[in-house]
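Coordinate inspection notes
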Amino acid sequence: MIGRIRSQTVEIGRSVTDWMENRTGIVTALEHFLYEPVPKRGAWLYTLGSATLFLITLQFLTGILLLFYYVPTTDHAWNSVYYIMNEAYFGKLIRGIHYWSANFLMAVIGLHMARTFFSGAYKAPREMNWIVGVILLLLVIGLAFTGYLLRWDQDGFWASVVGIKIGSYSPFLGPYITHFLLGGDVVGPATLSRFFAIHVWLLPAAIAPFIGIHLYLLRRHGEFGSEFEYSDRLAKLHERQRQEEYARREESGEERSE
């Protein structure tokens, strides 16, 4: 009985999949999106990009859920976080996932950039994808920095004061950026409002299209880098140089014989 139900379920699933593939081509598209060739050695290191994308998506989803209860004002910000942690259904779980995935995101994206650098995946024809990746790294750092103040506790408050103070020493633009972030002379209600807008609206709106560009360039040029590609290119170059040298020697030998 169980075996028959299982076989019927598999058959129904196969029929639905075939129907979707015939009408939309979604199965082929997913295979092209999910499966890609990577080197056998160190293959797990090439999952760091997918892990980064998963953690960013997790940040977006849990952040949206937190917005149902969070109040971005100096009078209610800390109280709303307290309510999420102690009163809201699954609030502690959702905020915990948001908090820890943010920490893991910073670590994983750093490892992903290191793997890209040491494998030579920033070289031609992948220079633009490396630039887009660096921009995404800076945006994620901005996301982490602006989110720290939203708790509106002593830790987040003084960490933001120190971070803004460090940024004020930047040449030319430092004072203007500091004044824009503070919304005045000191950290206050305007600062919290601006950090909330940057964290919730501006940075996610900037990150989303850059992720799309990053994935498009990745599928266009492939995943792994020049440690593998360039070894083959160098071998072909050396072989061509040997053939040219051999041809020159033959020509010089024929000229001497004449």
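Residues numbered from 1 in each chain as written. Predicted model: local features only at pLDDT ≥ 70, side-chain atom pairs only at ≥ 80, totals over all residues. Heavy atoms only, no water.

1. A look at the UniProt feature "transmembrane region" (unreviewed entry) in the chain
Using the following cut-off: UniProt positions are given in the numbering used here, feature names are shortened, and annotations may be inferred rather than shown by experiment. Per the convention used, a helix needs a DSSP run of H or I reaching at least four residues, while a strand needs a run of E reaching at least two, with both numbered from the N terminus.
The UniProt record annotates "transmembrane region" (unreviewed entry) at residues 43–71, 97–118, 130–150 and 196–218. Spanning residues 43–71, this segment combines 66% helix with 0% strand, and its end C-alpha atoms are found 44 Å apart.

2. Some remarks on the pattern of salt bridges
Opposite charge on two side chains permits pairing when their charged atoms draw close. Put simply, the rule is: We count a salt bridge whenever a side-chain nitrogen from Lys or Arg sits within 4 Å of a carboxyl oxygen from Asp or Glu. For every residue, the accessible area (1.4 Å probe, protein chains only) is compared with the maximum for its type, and the residue is labelled buried under 20%, exposed over 50%, or partly exposed between those bounds.
Under the counting rule described, the total for this entry stands at five salt bridges. For the salt bridge of Arg 14 with Glu 11, the shortest nitrogen-to-oxygen distance reads 3.1 Å. Residue Arg 14 and its partner Glu 11 are located together in helix H1 (residues 2–24), separated by three residues, close to a single helical turn. Note that Arg 151 and Asp 155 form a salt bridge whose closest N and O atoms lie 3.5 Å from each other. Look at Arg 151 and you get buried, because its relative accessible area is 17%. Given a relative accessible area of 42%, Asp 155 falls into the partly exposed group. Linked by salt bridges that have partners in common, Arg 151, Asp 153 and Asp 155 make up one network.

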